[in-house]
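Read off the chains here:
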Amino acid sequence: MQNLARAITRLNREIGKWASLGVLAIFVLLLADVVMRYLVGQPTIWTAELATLIFGVYAIIGGGYLMAERGHVSVDIIYGSFSRKRKALIDIITWPLFLLFVGTLLWQGYDLASEAIADMERSNSTWKAPLWPTKSLIPVAAALLLLQGMVRLWSDVRVLMGLENDDAVFGTQAVDEPHHPEKPGEIQE
Amino acid sequence: EPEVTWRVQSHWPKASSSFDDSLQVLADQLLERTDGRFKLELYGAGEFAKGPDIYNLVRKGVVPMGTISPSYIQDKAQAAGFLYGIPGTFRESWEVQHAAKNLGLEDLVNEELVEDGVLLMSEKAYPTEMVVSKPITSAADFEGLKIRSSGTMLDYLKAAGAAPQYIPGSELYQSLSSGVVDGAHWGAAIGAKSMSLWEAAKYHVKPALGFTIDAFIVNVDALEDLPPDLRAALLDLMEIRFFQRSSEYMHKEAIALAAGMDENGVEVIELPEEVLTVMGQASKDIMATEAAKGPLAEKAAGIYQTLMSDLGYN
Amino acid sequence: MSVELLTLLFFGSLILFVLLGTPLAFVLGGVSVVFLYYEMGPLGFYLLASKMWETMQSPTLMAVPLFVFMAILLEKSGVANDLYDMMHQWWGGLRGGLAIGTVLICVIFAAMSGISGAAVVTMGTIALPKMLERGYDKKLALGAINAGGGWGILIPPSILMVLYSLLTEVSVGRLFAAGVGPGILLFVLVSIYIGVRCWIQPEMGPALPKEERGDWGKKIASLKAVILPVLIVAIVLGAIFGGFATPTEAAAIGVFGAMFATFVNRQLSWGVIHDAAISTLKLTALVMWILFAAHAFSTAYTALGAHGLIQNLMGYIPGGKWGALAFMLFVLFLFGMVLDPVGIMLITLPVFLPIISAAGFDPIWFGILFIIMMEVGYMTPPFGFNLFYLKGVAPPGVTMGDIYASVVPYVLVTLLGLFLIILIPNIALYLPNLFYGR
Ligand code: NA
Ligand code: NA
C-alpha cells in the first residue's frame, strides 16, 4: 500500500515538474503572435488559441502536485496554532467536503470529456482546434487531485495513530506550529 | 403563482439592450398570454454558462431553454453554418428571414438537433458590419488590413486580402484604440455602439459583410412535458417574435448609426467595387466548403442558391 | 426555504469551514456541490465541470502565469535587489520610503496589465522580501502591496472595466479615462498613510542609518540599477499603448524583457528558468483552483436566487437615492468579502443599474465606485485573490493571519478615497469629460 501512495505522490510531482514548462509554451506562442503580426506582417490565427488551450491544461493539471506540496492555500488563523495531531483530526473531519468537490468534478468531467471524444469536438474558430484533448484532461486532473487527497487522508490517519510519515510517500507534511519570527521583519528564507 | 417556471440561459449579457429587447419582451408577453401561468426566469451570459456551453446545458436539461448563435453548433448540425449565415450572400434582412423560416433552413438544422434533444427556433436576423480606423478607398487599402474577426467571417476577410485575427472581446476596445487592429466587427451598428468601437474607429463600412441569426433553443423533453396550451403559447410566440424582432432590429440599427454619426462623428464608407469582387469569389468558396459537409448541408446550399438566383445575385 | 435563510446557511458554512483551515478551493467547491444539489438536483452537478471548462478557456487569465514568471525571474536575476538598493540610496532618509516606492511601482504595473493579480505577485515576489530585509514592519509592507496591487483594475487598461461596460453599455473609453484620477488619488492617499504612520512610528519603516547613506557618487552609481527595469516597463507599456500588442500579449513581452535582464546580469541558465517555472506553476494552480471553485460558488448562489434577494432588499431602503447608494456599496462590501468580482458583477449589476439611472447618477462615476469596491473585495478577508496571491509568494514566516490583519488600515484609506470620489465626482469625471465632452 505504501508503494501505491509513493507512486501517486511521485507521479504528481513528476507531472508538476513537466507541466511547469507550459508557461514557456504560452510565452513563446504569444510572442510569436506579436512577431508574426509586426515583423512578418501576417497574423497567425492559431497561436493565441493554442496558447489558450495549453493554458487551460496548465491551470488544472497542477492541482494534485499542489496537494502533494501542501500548497492549496487555507486560512491559518486558528488552524495554524494547532498541533499536528489536531490538524490531522480537523482535516479528516472536513475531508468529505474535498471528496464532494473533487469527486463530483471527476464524475461530471468524465461526462464532459467522453461526449467531447464521441463528437471529436472542435472549436468554432476558423482553426477548428480539437477540444477533446483539453477536455479529457479535466477528469484526469480531478483524478490526480483525488488520488493525492486519498494519500493525504491516509497520512492524516497515520498522524493520529502517532506514526511518522515519509515526505516521499505522503507528500509534504504539516508542521506542529508555524514559525513565528521573534522580531518584526525577521523572516526565515 | 405561476404553474411553470423555466430558467433561460442567454448568450447576451444581462442589462444589455439585446437581452431586454429579445428575451425580456418574450418573457413578459408569455406571462401575459398564459395569464401568469408560464414564467421565464432570465439569466445573463455567464451566470450558468456562456457561449457554446449553453447548448450542452439545454441539451442535458440543466436549464430547459437558452439562446445561442448557430455558430456554436456547427459540429452538431450540418446546416448550422447556413443558418448562421454565409458572408457575402444575402443583402437584406427579409431574405434571411425568408430562407430561415419559409424555405426551410431552420428545419434542416432541427432535423439533426431534435434527435439530440434540442429544438431550435430562430430569434432574429441581423447584419454584420465592419468598423475601421482608416478609410478604405482601394483594394490596396484593404490588403493586409488588420481586422478583429471570428468564425467564418475570418476566412472570408482573409480570402479577400485582409489580415484578420481573433482577439477576445474583453481586449477588443484596447486593441482597436491602440492600433493592434485597424478594424473589427461586433454585430453591426448596435454592436459597435455597445462595445464603444466607434470611439476608436470612425469609419463604418457598408455594405454588410453578411447577415446572421440568433436563436432560442429549447430542451425537447421539457417542451413535451408542458401542458399543451403553454407549449403552444411558447412556440407561437417565438415564431411571431422572430419576424417582429428582425424588423425592429433593422430600425434600431438605423437609429444607432445615426446616433453614432451625431455623437461620435462616425462616417459611413462603401467598400470599393474591386474589394467586393474579390469578396464575391471568397463567398463562393466558403459556400462550397460548407455544402461539402453532407446531404443536409447540400440542401441548405440549394436554398441559398435558388433564392440568390431568383434575386439576380449571381 | 427562503432565499434569506439559504444565504445565511450558504455563507455561514463557507466561513465555518474556512476558519477550520480547509483549503479555500475545497470549501468553495464542496459547499457549491451541496447547494447545487439542493436547488437543481443531480443535473446541477454538470455546472461544476462546465464552469471549470469556461474558466480554463479564459484568454485574459493567461496573463497570470506570465506576470508571475516575469516577477520570479526579476527576483532571481538580482534586478529587484539592485532596484531596492537604489531606492534606499536615494530615499534612505525618508521613513517608509521603500513602501512608498513600492506603491509607486504598483501604479506603473497597473498600467502594464488589465488584472489585479499582476502587481500583487510581482511586488510580493520582488518588494516584500526586500522591505522585510531592511527592517520594515510585516503588516505595513503586506498591506501596501495588497492595496497597490489592486489598482490594476482601476488604472487602464482594465479587464473588469470592459466587463462593466459590456453589462451596462457605457463607453469603455470614458470608463478607462475615469479610472486615472481615482488611481492617482488612491496612490497619494496610501503614500500619505505610509509616510505619516512611519513618521509617527519610525520602527515600522526605518530610515537607512546616516552612516550607511551613500554620497552623491554612490547615489549616481546606483542609478544603473533602474536601467533594466525601466527598459522592461518601457517596452511593455510601449507595446500596449503603441498598438503593438494586446495587454495579454504584452505580458509575454514582459517575460522576454525579464529573460533579457537575467541574461545581462549573467544569471540566465536552464536551472534558473525551470525553478522559476515551477514556482509559477504552483502559484497559478493555487489561484486557478480557487477560481474554478469560486465560479461554481457564484453559480450556486445565482441558482439559489441571489437576484431575488437583492431585489427584495432594495425595496426596504430608506433615505432616498443616497440611502440606496450607501446600501449598494454596503452590499458590494459584504459580497466582496466572500465572492469573486465577476460573480458579484453578474449578480448585482442588473439589479443596481436601473436604480442608478432612476436616481440620475452618472453610470461612469458609479462604475468607478463599483471598481473600487471590487478592489476592496480583492483584499478583504476571508476571500480575496490579492490575499491568496500574496500568501502564495510570501516567505514562509508570513501567515494568512498576518495578511488578513495587514489590510485593515489600507481598506480604510481606500474607503476614504471612495468617499472623496462620491463627494467630488470630478476626480473621476474630469478626464473623460475633457476627452470625450460631456
Ligand atoms: Na490596468
Ligand atoms: Na474579499
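In what follows, the accompanying structure is described. (Residues numbered from 1 in each chain as written. Chains lettered and ligands numbered in written order. Predicted model: local features only at pLDDT ≥ 70, side-chain atom pairs only at ≥ 80, totals over all residues. Heavy atoms only, no water.)

## Here we look at the coordination of the sodium ion (ligand 1)
Residues and elements named next belong to chain C.
- At the metal site, the sodium ion (ligand 1) is ligated by A110 (O), S113 (O), G152 (O), I155 (O) and P157 (O), and these contacts range over 2.2 to 2.4 Å.
- Site description for the sodium ion (ligand 1): donor spacing in sequence, A-x2-S-x38-G-x2-I-x1-P. Linking A110 in helix α6 (residues 97-112) with G152 in the loop between α8 (138-149) and α9 (159-168), this pair joins segments that are 42 residues apart in sequence. As far as burial versus exposure is concerned, A110 and G152 are alike and both buried. (Donors = N, O, S within 2.8 Å, 3.2 Å for Na, K, Ca; no water. Helix = DSSP H or I, 4+ residues; strand = E, 2+ residues; numbered from the N terminus. Buried < 20%, exposed > 50% of the residue type's maximum accessible area, 1.4 Å probe, protein only.)

## Side note on the interface of chain C and chain B
- Each partner contributes residues to the interface: chain C has 41 residues there, and chain B has 34 residues.
- Taken together, both faces of the contact between chain C and chain B bury some 3200 Å²; the carbon and sulfur share is 61%.
- Where chain C meets chain B, there are one salt bridge.
- The closest approach of N and O atoms between R7 of chain B and E39 of chain C, which form a salt bridge, is 3.3 Å.
- For the pair chain C and chain B, the interface holds 14 residue pairs in polar contact (both at pLDDT 80 or more).
- Breaking the side of chain C that touches chain B down by element, the ones donating at least two residues are α2 (24-40), α3 (46-56), α9, α10 (172-200), α12 (227-241), α13 (247-264), α14 (270-304) and α17 (341-359) of chain C.
- Across the side of chain C that touches chain B, the residue classes tally to 24 nonpolar, 12 polar and five charged. (Contact = heavy atoms within 4.5 Å. Buried area = accessible area lost by both parts, 1.4 Å probe. Salt bridge = Lys/Arg side-chain N within 4 Å of Asp/Glu carboxyl O. Polar contact = N/O pair within 3.5 Å; in protein donor to acceptor, adjacent residues only side chain to side chain. Nonpolar A, V, L, I, M, F, W, Y, C, P; charged D, E, K, R; others polar.)

## Focus on the side chain of Q108 of chain A
- If you trace the backbone, Q108 of chain A turns up in helix α5 (residues 84-119).
- With a relative accessible area of 4%, Q108 of chain A lands in the buried category.
- In this view, Q108 of chain A contacts F45, Y46 and A49 of chain C; residues no more than four positions away in its chain are not counted.

## Examining the pairing of strand β8 (residues 203-219) of chain B
Residues and elements named next belong to chain B.
- Among the 17 residues that make up β8, 14 are buried, leaving the element largely enclosed by the rest of the structure.
- Inspection of the sheet shows strand β3 (residues 65-68) paired to β8 by four bridges, in the antiparallel sense. Considered in β8, the bridge of G66 is made with I217.
- Two strands pair when backbone bridges link them, and strand β4 (residues 118-132) and β8 are joined in this way by 13 bridges, in the antiparallel orientation. The partner of S122 across the bridge, within β8, is A215.
- Strand direction decides the pairing type here: β8 and strand β9 (residues 267-270), joined by four bridges, are parallel. Directly across from K206, in β9, lies its bridge partner E270. (Pairing = 2+ DSSP bridges.)

## Focus on the environment of G397 of chain C
Residue and element names in this part refer to chain C.
- Among the secondary structure elements, G397 is positioned in the loop between α19 (385-393) and α20 (400-423).
- On the basis of relative accessible area, G397 is assigned to the buried category, the value being 0%.
- Counting along the chain gives 259 residues from G397 to K138, while the straight-line C-alpha distance between them is 9.8 Å.

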